[in-house]
Amino acid sequence: MPVLYLELAIGQHLRSGCVGVWNRVHPFIGGLGIASAVTSFLVAIYYNAIIMWCFFYLFHSFQTTLPWSECPTYVNEHNKTLNIEECDISGPTSYFWYRSALDISPGIDQPDGIKWKLLLCHVCAWIVIFLCICKGIKSSGKVVYFTATFPYVVLIIFFIRGITLEGSVDGLVHMFTPKIEELLDVSCWLDAAAQIFFSFGLAFGGLIAFSSYNPVHNNMERGHRHRAATNWCTAIFACAVIFAVIGFKATVMYNHCIDYNIGILGEICSNLNVSDVMCYGHNSSETITNRVYKEMFEDNLTAFTNFTTRPFRACSLEDDLNKGVEGTGLAFIIFTQAINEFGPSAPFWSVVFFLMLLSLGLGSEFGTIEGVTTSLYDLDIYPWMRKKWLVSGMLCTSMCLVGMLFVTGSGSYWVALFDTFAGTFPLIMVALGECLAVGWILGANRFSEEIECMIGHKPNIYWRVAWKFLAPLFMVALLLGTLIKMFSSPITYKAYNSVTTLMEKECYPWYASVACGVLVFASVLWIPGIALLRKCGVLQYDHAKKLASDIHRATVSTTKFLGGSQWSARSDDRDSGHNSDEDTPLREPERPTEFFIEDLLAVLPARPKSNRESIV
């Protein structure tokens, strides 16, 4: 929450994207904005994989019988129709996800070629994204009205259906039962941090970019509290929906496992020689109920192994509940199980659900890409970068080409790799840099005074302490704990085992480990790199200083939006949120930019006092 408040406030105050904002705070930390933009670029590449999978499921939903509603079958040598064993163990929704949607390979080192269905969905996803963002925040903002509200309607419907299913209570109890030992695992905290960073959109640059379009005196503190409370309530509610369905799926798989073992026991007990002695008078599976199985047979299965060639399965509701919450395919496995329970109307609800998932994915993707595009506009390196549609097209094309990695058989493993090393680590590093920049370089008290000019009062003492001490300390502790754990053992990932139908730990091959390092340093190295280059004089301060004094705090990316010719004669291809001249008289004039440059006076070239005062 302190980082969320910080980003909303500094973007609104300095009227810039993430690159412009941190250049203005101090030219030595200009790399912080570039690191944020690079991180957003890398995250947007792999985040589109979720949208791609949504399209795949959406296209398969237009069928009378959903393809994940039942297991595929085969005819054995005795002319008996049986389910494929892998599907029989994991369930039809899980089998469809791993075998039809992903067509997953045994490991990251076995790509198994390009899956053409996923390739088509991948290209389709990027075309849709480009069409939605090509006109900038003006168009994507309108799309978000739908993407932000539609999911709530669908979640309420699925919650009502979910809590009526058998085993839903077990799932909810599992959700609210804490496992204290998990808190000793640093990866638990890293996953939690990643969830919050993605949920709030922290450190991507998108929040700074969007807040730069706010009115100067918008009360972002009140909006910050509302946003945090809404996010928390939505997370708990969505989690309850998920775990209700997880409880149902676990119960179905647990009962199916017991029925499988009862079937084997029935075959054995049909032999009269052993039925009276070992089977407690039962001579067929029809007389062995679930209650009888648990009371008389469950703990004695090893005594029957010599009478059959078929192996008994280990049945545990707790294990099935734990398995239900792992992996990137949570929504594609768990919710499709709930969709099956809607009966004849299941295809309709499948379409509705994956449209909802698409709206969520697209909404997040818009914000992530906006963090990249706004940074490019603020840099204003080439004249053609003023054209929104051209920049958006080039970004989407380049991301689409890199994302081809995710349409192979090992694509889901690469998505997981990108998620951890291109997203989580760099985001925490960028957020740490933001807190240090505001708390120590700009100064928490000075920043509070700037907020007071916008909303009429200073933030309370908690936020100032959090920006300066609490948030940095927590993030440093998290990073150190993660690095210690990571380098104390080989870096691993979870690969799919078709025999057990579980995700099991495997070591990364050397080139994947190199890719992990490249993804982290591709964004993080900009922070010390820019500072070092400017300190050595390789990069000059001119552009950073120009950002501070040019067009009264309205940056290249926001000039058109903030009022057209009144501010600057920039290109007409910029975003514009004001299409009529009627808005111009209502806008309060901006104050001169406050560019805090005192710390650099020793290294800046001397200039007349009047010029320096005009900058301040």
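As the structure is a prediction and not an experimental result, all values here were calculated from the model.

Definitions and cut-offs
Residues numbered from 1 in each chain as written. Predicted model: local features only at pLDDT ≥ 70, side-chain atom pairs only at ≥ 80, totals over all residues. Heavy atoms only, no water. Helix = DSSP H or I, 4+ residues; strand = E, 2+ residues; numbered from the N terminus. Contact = heavy atoms within 4.5 Å. Areas by Shrake-Rupley, 256 points an atom, 1.4 Å probe, with all protein chains shown as cover. pLDDT = per-residue confidence, 0-100. Buried < 20%, exposed > 50% of the residue type's maximum accessible area, 1.4 Å probe, protein only. Salt bridge = Lys/Arg side-chain N within 4 Å of Asp/Glu carboxyl O. Phe/Tyr/Trp six-rings, centres within 6.5 Å; stacked < 30°, edge-to-face > 60°. Lys NZ or Arg CZ within 6 Å of the ring centre and 35° of its normal. Disulfide = S-S within 2.5 Å. Arc of directions from axis to C-beta. Axes fitted to C-alpha atoms, helices over the stretch in contact; angles between N-to-C directions. Parallel < 35°, antiparallel > 145°, perpendicular 65-115°, else oblique. Nonpolar A, V, L, I, M, F, W, Y, C, P; charged D, E, K, R; others polar.

Chemist: Mind showing me how you'd approach the overall build of the protein here?
Modeler: Helix and strand counts for the protein come out as 23 helices and four strands. Long-range contacts, defined as pairs at least 24 residues apart, comprise 77% of the intrachain contacts of the protein with a sequence gap of at least 6. Summed over all atoms, the accessible surface of the protein reaches about 28,400 Å², with 63% contributed by carbon and sulfur.

Chemist: Could you clarify how one ought to interpret the confidence of the model for the protein in this entry?
Modeler: Parts of the model with low pLDDT should not have their predicted coordinates read in detail. Of all residues in the protein, 82% attain a pLDDT of 70 or more, and the chain-wide mean is 79. For the protein, helix 23 (residues 609-615) is the element with the lowest average pLDDT, namely 37, and helix 8 (residues 168-175) is the one with the highest, namely 91. This stretch, residues 547-616, has a pLDDT under 50; its non-local contacts, to residues over four places away or in other chains, come to 129 contacts.

Chemist: How should the environment of Glu450 be read in this particular structure?
Modeler: Note on placement: Glu450 falls in helix 18 (residues 411-455). Overall, the relative accessible area of 6% leaves Glu450 in the buried class. Taking the C-alpha atoms as reference points, Glu450 and His13, 437 residues apart in sequence, are found 7.4 Å from one another.

Chemist: I tried to follow the pattern of salt bridges on my own but got confused; where do I start?
Modeler: Pairing between side chains of opposite charge can happen when the charged atoms of each approach one another. Evaluation of the coordinates by the stated rule reveals six salt bridges. Taking the shortest distance from any N to any O, the salt bridge between Asp88 and Arg313 comes out at 3.2 Å. Placement of Asp88 in helix 4 (residues 85-90) and of Arg313 in the loop between helix 13 (290-297) and helix 14 (317-323) is noted, with a sequence separation of 225 residues between them. The exposure class of Asp88 is buried, given its relative accessible area of 14%. Note on Arg313: relative accessible area 16%, which makes it buried. A salt bridge links Asp103 to Lys115; the shortest N-O distance between them is 3.1 Å. Residue Asp103 is found in the loop between helix 5 (92-101) and helix 6 (116-133), and its partner Lys115 is found in the loop between helix 5 and helix 6; the two are separated by 12 residues along the sequence. Looking at Lys115, the relative accessible area reads 15%, which means it is buried.

Chemist: What exactly am I supposed to notice about the packing of aromatic side chains here?
Modeler: Note on aromatic pairs: each is described by the distance of the centres and the angle between the planes. Summed over the entire model, instances satisfying the criterion amount to 37 aromatic pairs. Judged by centre distance (6.1 Å) and plane angle (15°), the rings of Phe332 and Phe354 are stacked. Note that Phe332 is positioned in helix 15 (residues 330-340) and Phe354 in helix 16 (residues 346-379), a separation of 22 residues in sequence. Each of the two residues, Phe332 as well as Phe354, counts as buried. Looking at Arg313, its charged tip hangs above the ring of Tyr260, at a distance of 3.7 Å from the centre.

Chemist: Looking at this structure, how should I read the state of the cysteines?
Modeler: Note: disulfide means a covalent bond formed between the sulfur atoms of two cysteine side chains. Taken as a whole and judged by the stated rule, the model has two disulfides. Paired by a disulfide, Cys71 and Cys87 hold their sulfur atoms 1.9 Å apart. On the sign convention where negative is left-handed, the bridge of Cys71 and Cys87, at about -85° about the S-S bond, is left-handed. Here Cys71 is found in the loop between helix 3 (31-60) and strand 1 (73-75), whereas its partner Cys87 is found in helix 4, with 16 residues between them in sequence.

Chemist: What is the right way to read the side chain of His122 from this model?
Modeler: For His122, the location among the structural elements is in helix 6. Not counting chain neighbours up to four residues away, the residues in contact with His122 comprise Asn48, Met52, Cys400, Gly403, Met404 and Val407.

Chemist: Help me understand unusual backbone geometry, please; the structure alone is not making it clear to me.
Modeler: Leaving glycine aside, a negative phi is the common case for residues, and trans is the common case for peptide bonds. Positive phi, normally seen in glycine, also occurs at Asp103, with a value near 45°. Take Asp103: its relative accessible area is 31%, and that puts it in the partly exposed class. Even without glycine at this site, Thr501 takes up a positive phi of about 60°. Mapped onto the elements of the fold, Thr501 is located in the loop between strand 3 (492-497) and strand 4 (502-507).

Chemist: Whenever I open this one, helix 8 confuses me. Can you help?
Modeler: Owing to its 3.6 residues per turn, the α-helix aligns residues three or four sequence positions apart on the same side. Of the positions making up helix 8, those classed as buried are Ser168, Gly171, His174 and Met175. Angularly, the buried residues of helix 8 cover 120° about the axis, an arc narrow enough to put them on a single face.

Chemist: When you look at the packing of helix 11 (residues 220-269) against helix 15 in this model, what are you seeing that I'm missing?
Modeler: Each pair of packed helices gets described by two things: the angle between the helix axes and the distance between those axes. As a packed pair, helix 11 and helix 15 sit with axes 9 Å apart at the nearest point and diverge in direction by 70°. Considering their axes alone, helix 11 and helix 15 lie roughly perpendicular with respect to each other. Contacts from Val241, Ile242, Val245, Ile246, Phe248, Lys249 and Val252 of helix 11 reach helix 15 at Leu330, Ile333, Ile334, Phe335, Gln337 and Ala338. For the contact of helix 11 with helix 15, the class distribution of residues is 11 nonpolar, one polar and one charged.

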